[in-house]
Amino acid sequence: MSKVLGIISCNYQFNKIHELNQNRPIAALPFGGRYAIVDFPLSNMVNAGITSVGIVMPSDYRPILDHIRSGKSWSLNRKSGGLFILPGMTVSLDGNNKFPIKDFRKNIDFLKREKAEYIVISGSNSVINIDLAEVIEEHQLNQADVTLIYKEQSKVNCDELACIVKLDDKGQVTDMVKSGTVDFDSCRIFTDQLIIGRELLLRLLTESYSGDELSLIDLVKNRTKELKVCSYEFNGYYASIFSKETYFKANMSLMEPAVVQQLFHGNNKIVTRTKDNPPTKYSQEANIKDSLVSSGCLINGQLEKSLLFRGVKVEKGARIKNSIIMHDCQIGQDVVLENVILDKSVVISPGIEIIGHKDSPTFIPKFKSL
Amino acid sequence: MSKVLGIISCNYQFNKIHELNQNRPIAALPFGGRYAIVDFPLSNMVNAGITSVGIVMPSDYRPILDHIRSGKSWSLNRKSGGLFILPGMTVSLDGNNKFPIKDFRKNIDFLKREKAEYIVISGSNSVINIDLAEVIEEHQLNQADVTLIYKEQSKVNCDELACIVKLDDKGQVTDMVKSGTVDFDSCRIFTDQLIIGRELLLRLLTESYSGDELSLIDLVKNRTKELKVCSYEFNGYYASIFSKETYFKANMSLMEPAVVQQLFHGNNKIVTRTKDNPPTKYSQEANIKDSLVSSGCLINGQLEKSLLFRGVKVEKGARIKNSIIMHDCQIGQDVVLENVILDKSVVISPGIEIIGHKDSPTFIPKFKSL
Amino acid sequence: MAKREIIAMLLAGGQGSRLGSMTKNIAKPAVSFGGKYRIIDFGLSNCMNSGVSTVGVLTQYKPFSLHSYVGIGSAWDLETSYDGGGLSVLSPYVGEKGGRWYKGTANALYENMKYINNLDPEQVLIIAGDHIYKMDYNQMLQFHKENNADVTISVMEVPIEEAFRFGVVAVDADMQIYKFQEKPPKPESNLVSMGIYIFKWSVLKQALIEDEEDEDSEKDFGKNILPKLLNEGKRLFAYSFNGYWRDVGTIESYYETNMELLAEDPPIDLYDGSFSVFSNSEALPPQVIGKKASVINSIVDNGCNIFGTLENSIVHANVYIAEGSVVKNSIILPNVRIGTGAVIDKVIVGYDTVIEEKCEIGLEKPDKEQQGGITLIEGVMTVPKGTKIAAGSSYNKEGGERHE
Amino acid sequence: MAKREIIAMLLAGGQGSRLGSMTKNIAKPAVSFGGKYRIIDFGLSNCMNSGVSTVGVLTQYKPFSLHSYVGIGSAWDLETSYDGGGLSVLSPYVGEKGGRWYKGTANALYENMKYINNLDPEQVLIIAGDHIYKMDYNQMLQFHKENNADVTISVMEVPIEEAFRFGVVAVDADMQIYKFQEKPPKPESNLVSMGIYIFKWSVLKQALIEDEEDEDSEKDFGKNILPKLLNEGKRLFAYSFNGYWRDVGTIESYYETNMELLAEDPPIDLYDGSFSVFSNSEALPPQVIGKKASVINSIVDNGCNIFGTLENSIVHANVYIAEGSVVKNSIILPNVRIGTGAVIDKVIVGYDTVIEEKCEIGLEKPDKEQQGGITLIEGVMTVPKGTKIAAGSSYNKEGGERHE
């Protein structure tokens, strides 16, 4: 395989999700019981044999750095290649202007120095397990300049923030538009992942005199005539997280064994930082149905269609339904939770009842005691 | 040994050294052919068995992070304890106001969480190899509240920026004053290293309502009557770096084999990040005297009383005297350098002659080609 | 190099033959335990939590399984360092003329004397790789130093009728040992050795050399070294340990010790963050508990998919329990698959094994049950659909040995 | 687990007896080379630079020295991973009934067949641990695949009069091999095997099993496996390598290969950052060149203190050369101390050795010089003040072996 470089833009944030991630970039948001969202792009790249990955950091770099550390969990603590911390600005996004070119310009030395043929560029708000090696192979076979990865979804699942890819009959990209502006039955949603030649990217960055406010997507879409912009359809599970609702929905979709199977039990593993938690213990009084539980929990209560992160304690008589409980929360006796999201280390005193709305769960911020 | 926590303040900068480190905190300044200055406090702590070290970072954290990475070189890539990145502000200093208490307040959660009995606090602009385990032992024996480490120096070596420790006849600290304000024959210079009980530090931080602009040194010196503030005299090699001249002098002092012996060949090693450089090669034309050379160099020219960092190339006929050449510089044929400091990756074309002043060497910034 | 105060030598060479086919492909200390751990995690974590930062792990039986598990010790903050510190795996060496196993615990130390000499410690801590306990060795070291002891033996009280199975010590009021008897028929005391020793290295070294030359010696600490030193008038002390300690050397004790974790207040707390047990574990997804599953009084590790009924059981990583199956009072090792309709009771299922649909294991109770009625299914095999296995039996497969 | 395309098996078990006392305490691949490296660095760095990320290192002689040097492979980005990838050290196993050394290169592979089976690669690259060269195995793999070869042998041209010392291949225009002769008295070709092979694993596996059963076989790749496969009509190809390659198996070749690095344009470029040679090295201070020192045409590593005269020499880490001493045409291994007034010429000084004041080594030239006039001083010893040693001799110390 030709040498490929990975870049993950971890420096964006969505206004709609502000409540959940005010103190952390979306890339560091806990997901699926033990992961951070950045684990998905990072693992996908490493699984494709990519050994040099640049992480574009937001100004508050600590949550991401705390999670990724030296990159050892992903075997990226290397002498040759490895993990590169790239400074970026925290950008608030609402649609097409992802991958601002000023981020790339700021790190142009890195792009010049790392002698790769191709660059895989990924966002950090998608839950996806994709075989990027196959995409790279297809990119090569097509002799493409750029390959955009999309997922076809029915319109009802297509948020107005999504970026839609328009294709010609040979599958080449003719345009990219905001979801709200088109009216199709089904949408080809850009998954925020693309492959581009390194030389081409460097050329685009130096050619485009137009200001820094443009995004890489703009550069590509303005050149669909001169460049060969190919597309790759991804058929597996894909969720884009940009609001509390999409966050909740994506987590809840893990109650479907098929989704867990596809995301976590296939050939390519999603890797995350391991912690030394003991296994989970279910007591005589435990009553669990249709749930996902991480290690280190002590469960004496009742659980239904819920997701427990590491180290959660659930006391006797507590009933949790349709909820997400992040790590180290303590749920007191006889507590009733339904449609709630507890951020990490929340303590709920005995007897308290919180019932959120089915479509818009109640969110309790971290370290809160109720 | 009781559990001890280390904290290194890497977030300060001196106005006088601005030229040398405008793009890096003083802690990341290259020193002695292959080190960064932060290697000294970091190695001293690790050599004393300290396995939890907090690094207070300046806003431009990258140079330090690039150097320290996961802390693996110092065996600090640990599950229990290890390296902690603490956010700080970049502070510009000129004397006594080191260790601003707002840095400690900002990271008070860390100080509360890490259950150590003592804390060793160190600056990051001193070149010193000290057995901190012995100091900690003495601190315990003395049942001291605080122990300040000082070095006695003749007045002529005592810069006006130094902080002078005044002792009573039992060796307890009665006051700390700026060097310029006293008139002794010899000075006891505070080496920017102290030991303090963790509980005491937490108490001082919460007690002192007076604003954030105070430093930990102020807090201690205002309490020399209530607290038992002991002193520890360090007798070995010590250099404090706060200007181009002190930087140059400290590097040049390494031409003295005894200094190299004391700093680098004793029981306690100064550890730094290793790179895979080949060894250094001296050609038939090489003529080296009284110099310090790092690995990866190719030397065809003449060297006298000079310090070469890694990967320097010196062509035939070049003559370098009394100079510091940082890593990856290229010195062309017949170049003459005397009393100069070349920052990293400087290229000097053949035939060029640069002769600086003996007491104030000429400085060439990094990546410059002349 | 600064002289080291103490290093640990962890004896991990035991074949564990009393664990039957559980140790067919794996060294005893590498056997899974408690839903997530390997037995050796406890000794290594004790070192880590006690600040003992240099550990020699002595292996011989199936060393590859242990070696690949412990690696260079990073999982226990024991990463091998330039100066010989950190963790080193010490296997019997095959010379040009062949190699041989250690002749006994003392011989194992003797053969690795050069390793210890290079490190030049003041004290040597000797521990076993097959005990389940949490202990701060540093407290024992303080006791050892305060007494200026040549040897300190960690001891505990057992019912006097059990004492004959151990090394029994008799002590004076200062806890100095005046008598040591290995497995005496009529014990004089209920204070027994836990097989954890701190020796002054100078004393141990001399004793090892002399014992090696003694042709009558069995090269064993309990039988030879300790009685010999006592006879010579050396200062031997007993350090009382009051915590939980188990030897998991038999199928029964392995089973019971696992099951003790299921108590409401288990005698050993794995959830105590101030003295954690560390392990070298892979990042696995959370466990899935299905719509029709029932999970009570059980311990389950990451990566499991539970769709059946689970009761009073310990389930290690990546186990799949199909809908309609029932698992009771059992210990399931990693990567096991239990098929629909299978029912198992009081069974230890070895790793990577598949139990196909409708098997009934441990249900039929013969009049005279072997091994405490515990059924043992060997690892890396398939139990075909509908197989019935009586309680207390061992289900093995003869033939080709896996790469160890 | 995804099927791996290729894994490497690095044969590092050779005793290196032709290197004399240099390999008394250390395996040949762990011997220092070129001022900073160990011989094995070249093979491991080639793997790293070629993207071969799974390497089994087969050791047997003095395995501890190699094991502690390579660790878990981090220095070459080959850190051992959960799925068996990365670097694994494979030592001969001591079973209950003892252990034995490998019977030959093919037997070494045979004994580790289960390791390879677990990894299930398509191709197996076999390399030696004692060759100095830089090679992109990936190009060889492409050639191998393009030819749909069963075996590809890396070959180079040598003067025809040298060919009898190697495995000689005869090829057709497409580089397909039609004849292979191990060390033939009268070579038909000057194309010789470098001991670097890529095998289809399915083909190699079958051959290893059959060869193991063949009682007449010497279990050697060159003597048995390759001729056998050729006879069976398998597709063997020769991959031409034009770069620098040296076998450093004798004192003379070790010496000469080191000395070649001192040429103005050395045939192997260690300063080429695009294909670096990596090593597991300690952070040592820069080298000190004293006021009265003279250093010309030499390679010196970190941590050295040079106060004397150094000429045409290679000096490894942490060496101290006192004022007034003269070191010429020599290779000094790590941690050596050379005293005031000592003069040494064309000497290999083993690691950790002290040469006291006024020794004269290699100055006196006997009429008939042994080992090319190279004097060999064993490691870890002291040459007393004023000792004179004639050129071409070996200065050893009998007695106690260090812990290896």
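Note that the structure is predicted; figures quoted are calculated from it, not measured. (Residues numbered from 1 in each chain as written. Chains lettered and ligands numbered in written order. Predicted model: local features only at pLDDT ≥ 70, side-chain atom pairs only at ≥ 80, totals over all residues. Heavy atoms only, no water.)

Broken down by element type, chain C carries 8 helices and 31 strands. Taking 404 residues into account, the globule formula puts the C-alpha radius of gyration at 22 Å, and chain C, at 22 Å, falls close to it. Seen along its three principal axes, the alpha-carbon backbone of chain C occupies a region of about 65 × 50 × 45 Å. By residue count, 61% of the 404 residues in chain C fall in the buried class. Across chain C, every contact between residues at least 6 apart in sequence was considered, and the portion connecting residues at least 24 apart equals 60%. Accessible surface, chain C as shown: approximately 15200 Å² in total, 45% of it carbon and sulfur. Averaging the positions of the 38 positive and the 54 negative side-chain charges in chain C gives two centres separated by 4 Å. (Helix = DSSP H or I, 4+ residues; strand = E, 2+ residues; numbered from the N terminus. Rg over C-alpha atoms; globule rule 2.2 N^0.38 Å. Buried < 20%, exposed > 50% of the residue type's maximum accessible area, 1.4 Å probe, protein only. Contact = heavy atoms within 4.5 Å. Areas by Shrake-Rupley, 256 points an atom, 1.4 Å probe, with all protein chains shown as cover. Lys, Arg positive; Asp, Glu negative; His and termini not counted. Charge placed at Lys NZ, Arg CZ, Asp CG, Glu CD.)

The next thing to look at is the sheet that holds strand β19 (residues 314-315) of chain C. Judged by pairing direction, the sheet is mixed, and its 11 strands sit side by side in the order β28(A)-β25(A)-β22(A)-β19(A)-β16(A)-β16(C)-β19(C)-β22(C)-β25(C)-β28(C)-β31(C) without closing on themselves. Edge positions in the sheet fall to β28 (347-348) of chain A together with β31 (394-395) of chain C, since each has one partner strand and no second. Summarising the sheet, strand β25 (residues 330-331) of chain A and β28(A) pair through 2 bridges and their orientation is parallel. Opposite A:Ile331, over in β28(A), you have A:Ile348 as the bridge partner. (Pairing = 2+ DSSP bridges.)

What follows covers the pairing of strand β1 (residues 4-9) of chain B. All names here are of chain B. Counting buried positions over the 6 residues of β1 gives 6, a clear majority of the element. Residues Val 4, Gly 6 and Ile 8 of β1 are buried on one face, and the alternating residues Leu 5, Ile 7 and Ser 9, pointing to the opposite face, are buried as well. Sheet analysis places β1 next to strand β8 (residues 118-122), joined by 5 bridges and oriented parallel. Residue pairing for β8: Leu 5 is matched across the bridge by Ile 119. Sheet topology note: the β1/strand β5 (residues 52-57) ladder contains 5 bridges and is parallel. Along β5, the bridge assignment pairs Ile 7 with Gly 54.

Scanning all chains against the criterion turns up 38 aromatic pairs over all chains. Ring pairs connect the aromatic residues A:Phe31, A:Tyr35, A:Phe40, A:Tyr247 and A:Phe264, which therefore count as one cluster. Across from the ring centre of C:Tyr320, 4.1 Å away, lies the NZ or CZ of C:Arg337, which sits over that ring. If you follow D:Arg38 out to its NZ or CZ, it ends over the ring of D:Tyr69, 4.4 Å from the centre. (Phe/Tyr/Trp six-rings, centres within 6.5 Å; stacked < 30°, edge-to-face > 60°. Lys NZ or Arg CZ within 6 Å of the ring centre and 35° of its normal.)

At the junction of the two partners, chain B supplies 35 residues and chain D supplies 40 residues. Taken over both partners, the interface formed by chain B and chain D buries close to 2900 Å², and the fraction arising from carbon and sulfur atoms is 51%. Our count for the contact surface shared by chain B and chain D stands at 2 salt bridges. Between D:Glu264 and B:Lys316 there is a salt bridge whose closest N-O contact spans 3.4 Å. (Buried area = accessible area lost by both parts, 1.4 Å probe. Salt bridge = Lys/Arg side-chain N within 4 Å of Asp/Glu carboxyl O.)

In total, this model carries 48 salt bridges over all chains according to the counting rule given. A:Asp276 is the salt-bridge partner of B:Lys79, the closest N and O atoms lying 2.7 Å from each other. Of the two residues, B:Lys79 sits in the loop between α3 (62-68) and β6 (82-87) while A:Asp276 sits in the loop between α10 (257-264) and β16 (280-282), which places them in two different chains. Overall, B:Lys79 belongs to the partly exposed group, its relative accessible area being 33%. A:Asp276 sits in the buried class, given a relative accessible area of 19%.

Residues and elements named next belong to chain D. With 13 residues, helix α6 (residues 201-213) should cover 18 Å at 1.5 Å per step; its first-to-last C-alpha distance of 18 Å lies within 8% of that length. Residues of α6 that are buried: Trp 201, Val 203, Leu 204, Ala 207, Leu 208, Asp 211 and Glu 212. Buried residues in α6, looked at end-on, bunch into an arc of 155°, giving them a common side. For α6, the exposed residues lying more than 90 degrees away from the buried face are Ser 202 and Glu 213. Tucked into the core, α6 has its buried residues touching α3 (105-111), α4 (113-119), β6 (121-128), β11 (191-200) and α7 (221-231). (Expected span 1.5 Å × (residues − 1). Arc of directions from axis to C-beta.)

Moving on: the environment of B:Phe363. Residues and elements named next belong to chain B. Following the sequence through the fold, Phe 363 ends up in strand β30 (residues 362-364). With a relative accessible area of 11%, Phe 363 lands in the buried category. With 200 residues separating them along the chain, Phe 363 and Cys 163 place their C-alpha atoms 28 Å apart.

Now for empty space enclosed by the protein. Residues and elements named next belong to chain C. This model, assessed by the stated rule, comprises 6 cavities of 30 Å³ or more. As a volume, the largest cavity reaches approximately 90 Å³. Along its surface, the largest cavity is lined by 13 residues, and Ser 21, Met 22, Gly 350, Tyr 351 and Gly 379 are the ones closest to its centre. Class assignment for the residues of the lining of the largest cavity results in 7 nonpolar, 4 polar and 2 charged. (1 Å grid on protein atoms, 1.4 Å probe; cavity = no way out; pocket = protein on both sides within 12 Å on 5 of 7 lines; lining within 4 Å. Points joined across faces, edges and corners; volume = space filled by probe spheres on them. Nonpolar A, V, L, I, M, F, W, Y, C, P; charged D, E, K, R; others polar.)

This part is about the interface of chain C and chain A. Between chain C and chain A, the contact holds 40 residues from the first and 35 residues from the second. For the pair chain C and chain A, the interface holds 2 salt bridges. Our enumeration of links across chain C and chain A arrives at 18 residue pairs in polar contact (both at pLDDT 80 or more). Only β14 (287-289), β15 (294-296) and β16 (298-300) of chain C provide two or more residues apiece to the side of chain C that touches chain A. Taken together, the residues that form the side of chain C that touches chain A break down as 21 nonpolar, 14 polar and 5 charged. Here 3 bridges tie strand β18 (residues 291-293) of chain A to β14(C), and the two strands are oriented antiparallel to one another. Its bridge partner being in β14(C), A:Val293 is matched across the sheet by C:Gln287. (Polar contact = N/O pair within 3.5 Å; in protein donor to acceptor, adjacent residues only side chain to side chain.)

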